[in-house]
Amino acid sequence: MLTGGVAMVFAKMGMNNNANEHLALVIRTGVLFMMVLGHALYAGGLKTARLIDNKTLTWFILAGACTAVYWILYFKAIKTADVSVVATIDRAGILVTVGLSYFLLNEPLTPRLLLGMGVILCGTLILIWK
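Per an unreviewed UniProt entry, the protein carries the name Transporter family protein and comes from Pontibacter ramchanderi.

S.K.: Can you explain the nonpolar core? Please cite residues and give values.
M.R.: Counting residues in each nonpolar core, the largest one holds 12 residues, listed as Met8, Ala11, Met15, Ala24, Leu25, Trp71, Tyr74, Phe75, Ile78, Val83, Val86 and Ala87. Per-element tally for this core: the top contributor is helix H3 (residues 54-80), with 4 residues. Residues from two domains meet in this core; each of domain 1 (1-79) and domain 2 (81-129) gives at least three. Beyond its immediate chain neighbours, meaning those up to four positions away, Met15 contacts Asn20, Glu21, Ala24, Phe75, Ile78 and Lys79.

S.K.: Lay out the pattern of salt bridges in plain terms, naming residues and giving numbers.
M.R.: Under the counting rule described, the total for this entry stands at 2 salt bridges. A salt bridge links Glu21 to Lys76, with the shortest nitrogen-to-oxygen separation between them at 3.3 Å. Of this pair, Glu21 sits in helix H2 (residues 21-43) while Lys76 sits in helix H3, and the two are 55 residues apart along the sequence. On the basis of relative accessible area, Glu21 is assigned to the buried category, the value being 8%. With relative accessibility at 43%, the residue Lys76 sits in the partly exposed group.

S.K.: So what's going on with the UniProt feature "transmembrane region" (unreviewed entry) in the protein? Which residues, and what values?
M.R.: UniProt records the feature "transmembrane region" (unreviewed entry) for residues 23-44, 56-73, 85-105 and 112-129 in the present numbering. Between the C-alpha atoms that bound residues 56-73 the distance is 26 Å, and the span itself is 100% helix and 0% strand. Along residues 112-129 the backbone is 94% helical and 0% strand, and the end-to-end C-alpha distance reaches 26 Å.

S.K.: Please provide a residue-by-residue account of the packing of aromatic side chains, values included.
M.R.: In this structure the tally under the stated criterion is 2 aromatic pairs. Ring centres of Tyr70 and Tyr74 lie 5.7 Å apart, and the angle between their planes is 50 degrees; this geometry places the pair in the tilted category. Here Tyr70 pairs with Tyr74, and both are found in helix H3, just 4 residues apart, close to one helical turn. On the numbers, 5.0 Å between centres and 80 degrees between planes, the contact of Tyr102 with Phe103 is edge-to-face. Residue classification places Tyr102 among the partly exposed positions, given a relative accessible area of 37%. It is Arg28 that lies over the ring of Trp71; its NZ or CZ is 4.5 Å from the centre.

Definitions and limits used
Residues numbered from 1 in each chain as written. Predicted model: local features only at pLDDT ≥ 70, side-chain atom pairs only at ≥ 80, totals over all residues. Heavy atoms only, no water. Core = buried A, V, L, I, M, F, W, Y, C linked by side-chain atoms within 4.5 Å. Buried < 20%, exposed > 50% of the residue type's maximum accessible area, 1.4 Å probe, protein only. Helix = DSSP H or I, 4+ residues; strand = E, 2+ residues; numbered from the N terminus. Domains from an automatic or database assignment. Contact = heavy atoms within 4.5 Å. Salt bridge = Lys/Arg side-chain N within 4 Å of Asp/Glu carboxyl O. UniProt positions renumbered as here; feature names shortened; annotations may be inferred. Phe/Tyr/Trp six-rings, centres within 6.5 Å; stacked < 30°, edge-to-face > 60°. Lys NZ or Arg CZ within 6 Å of the ring centre and 35° of its normal.

Here is the structure:
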């Protein structure tokens, strides 16, 4: 939560100095890749790479493609709008996550979860209402 919030503010601050959102995303993603790779090497997480079957690899590739599209659109949004509003609207993505996890992963929809989703939806609607 803390690092995610700080990262978006830092990205917006960088774009205020005439860097476009595409360059910002390339730099951020390069740093991210190097740090994740370094951590995986340090933790020995790449030793089992050969055990990944094609179906699992396909899911990871699809997740990576979705993340790429998400970040491209997110950086475009924070370049053109207030990062505080964009970040709040972005968090409404949990509604998609919960819906898909219910239908595809058979995860339960508890009353507490439904209430929380409703509050998030209301907050998002308040922010986008003009």
